[in-house]
Structure formats: structure tokens, C-alpha cells
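Commentary on secondary and tertiary structure
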Amino acid sequence: MIDAGVLTPEDHVELIDGEIVTVTPQKSRHATAVCLAETALRQAFGEHVNVRTQLPLALDPTSEPEPDIAVVAGSPRDYRDAHPSTALLIVEVADTSLLFDRTTKASLYARAGIPDYWLLNLVDEVIEVHRDPQRSTDAPAGWRYAAVERYGSRDRVAPLARPDRFIATQDILP
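Here is a short report on the structure shown in this document. Keep in mind that what you see is a predicted model, and the values were worked out from it rather than measured.

Brief notes about the overall build of the chain
- A count of helices and strands for the chain gives two helices and ten strands.
- Listing every helix and strand of the chain by position from the N terminus yields β-β-α-β-β-β-α-β-β-β-β-β.
- Taking all 174 residues of the chain together, 42% fall into the buried category.
- For the chain, the proportion of contacts with a sequence separation of at least 24, taken over those separated by at least 6, is 54%.
- Counting only carbon and sulfur atoms, one obtains 51% of the accessible surface of the chain, whose full area is about 9400 Å².

What follows is the structure in C-alpha cells.
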């Protein structure tokens, strides 16, 4: 669409289930949370993975979201010719997009089999950890996460792929 002149490189959009969705500009708290989460996840995972910030994830032919953070296997050069199609962990930071990230994006990531989806809920100042993807006829993409837990400022949470590496929620939330 950029080649055809419909979109420009400056347009902030994502492909979600065949629809082009406009992404709102980030506010300062959102950007701070992305930076804090990226730093914490790089420390937790070490050098054995690629922590990608706001880069495309080619989930299927109709969906190419750009999650705030995607932790994927391998190194950056492994994705020189194609975006990753899965992730060990996806993190979205939500303030104005909370409902969309909690429903549509969660369903999309569950359908793609992403085992661990964290929603940094800036409205309530908690981390919502979504796990155990399952089919669901009432979810937007036909899938949902069966387990959702909320972690407050005094809690710690570990990624499924690194259960030995706990991250304090206060280190991620701005």
C-alpha cells in the first residue's frame, strides 16, 4: 500500500485480521513503560533471544501487528528476510488502547499460539498476564486466554520461557 501511494511510511498502522488499524501516537508514560519493559526483559532473557520493540510480527497472511515488545527465538539476523511468525512472549502497553489490547489483540495472539501475553495496564497500574490459549466462539479472533492474572506494584512475575527469572512489576510500570 505504501508502494501504491495509499499509505506513507509515516502512517502508524497495523494489519489486524485483514483490517488496517490506525495506531494512536504514544504518550510519554506509554513510551517510558516500553523502555522499562524492554530493559527488564533483556536482563531476564539474556543474549539467547531477540527482544524486538515495536516491530512487525507476521502471525498469518491477514495479521501483522507491531507489538510494543516481542521476545522471539534467535538473533536479529535470523529475521533478515522475513519477520518472525511467533514469539515466546508479547508485551503490549495500554492506556487509551486498553479495551482493544485486552480483547482483539489478546484473541489474535491466542489464535497464533503465543503462550505468554503481558498487558501493561497503565490505567489500573497493573500487569495482566494472559496464558493458556484456547478456542472461544465469543472472542474476536475465535481464541482467548483461559488464564489471566493481575500483578500489582508489589508483585513479581516470571516469563513462561524463563520461569527462574522474576521481574518486579515496579521495574516495568512507569
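Looking at the nonpolar core
- Grouped together as the largest cluster of nonpolar side chains are 24 residues, with contacts concentrated most on L41, I69, V71, W118, L120, I127 and I172.
- For this core, the secondary-structure elements that each account for two or more residues are α1 (28-45), β3 (49-53), β4 (69-73), β5 (89-94), β6 (116-121) and β7 (126-135).
- With seven residues, α1 is the largest single contributor of residues to this core.
- With 18 residues, the next largest nonpolar core counts A70, L98, Y109 and A110 among its residues.

Digging into the packing of aromatic side chains
- In total, this model carries two aromatic pairs according to the counting rule given.
- When the centroid spacing of 5.1 Å and the interplanar angle of 65 degrees are considered together, the rings of Y109 and Y117 count as edge-to-face. Neither Y109 nor Y117 differs from the other in exposure class; each is buried.
- Members of the aromatic cluster, each reached through a chain of ring pairs, are Y109, Y117 and Y145.
- Geometry around Y79 places R52 over its ring, the cationic atom sitting 5.8 Å from the centre.
- The ring of F166 carries the charged tip of R156 above its face, separated from the ring centre by 4.5 Å.

Quick word on the environment of P76
- Turning to its location among the elements, P76 is positioned in the loop between β4 and β5.
- When the C-alpha positions of P76 and R52 are compared, they lie 8.5 Å apart, and in sequence the two are 24 residues distant.

Section: unusual backbone geometry
- The phi dihedral of E125 falls on the positive side, at around 55 degrees, and the residue is not glycine.
- Tracing the backbone shows E125 in the loop between β6 and β7.
- The phi dihedral of D132 is positive, around 70 degrees, even though this residue is not glycine.
- Its location among the elements puts D132 in strand β7.

Brief notes about the sheet that holds β3
- Sheet architecture is open: six strands sit in the order β3-β4-β5-β6-β7-β8, paired in mixed fashion. A single partner strand is all that each edge strand has here, and the edge strands are β3 and β8 (143-151). Here the strands of the sheet are splayed against their neighbours by 20 degrees on average, with no regard to which way each runs.
- Across the sheet, helix α2 (residues 98-111) touches β5, β6, β7 and β8, and the angle it forms with β6 is around 175 degrees.

Describing α2
- If you check α2, its first and last C-alpha atoms are 19 Å apart, about what 14 residues at 1.5 Å a residue would give, namely 20 Å.
- Approximately 35 degrees is the largest bend angle found in α2, and it occurs at K105.
- G113 sits one or two positions beyond α2 and adopts a positive phi of about 80 degrees.

Observations concerning the environment of A139
- Here A139 lies in the loop between β7 and β8.
- Residue class for A139 comes out buried when judged on its relative accessible area of 14%.
- Residues A139 and L108, spaced 31 residues apart in sequence, show a C-alpha to C-alpha distance of 9.2 Å.
- Residues within four places of A139 in sequence aside, it is in contact with S107 and R144.

Conventions we followed
Residues numbered from 1 in each chain as written. Predicted model: local features only at pLDDT ≥ 70, side-chain atom pairs only at ≥ 80, totals over all residues. Heavy atoms only, no water. Helix = DSSP H or I, 4+ residues; strand = E, 2+ residues; numbered from the N terminus. Buried < 20%, exposed > 50% of the residue type's maximum accessible area, 1.4 Å probe, protein only. Contact = heavy atoms within 4.5 Å. Areas by Shrake-Rupley, 256 points an atom, 1.4 Å probe, with all protein chains shown as cover. Core = buried A, V, L, I, M, F, W, Y, C linked by side-chain atoms within 4.5 Å. Phe/Tyr/Trp six-rings, centres within 6.5 Å; stacked < 30°, edge-to-face > 60°. Lys NZ or Arg CZ within 6 Å of the ring centre and 35° of its normal. Pairing = 2+ DSSP bridges. Axes fitted to C-alpha atoms, helices over the stretch in contact; angles between N-to-C directions. Expected span 1.5 Å × (residues − 1). Bend = angle between axes of the 7 residues up to and from the residue.

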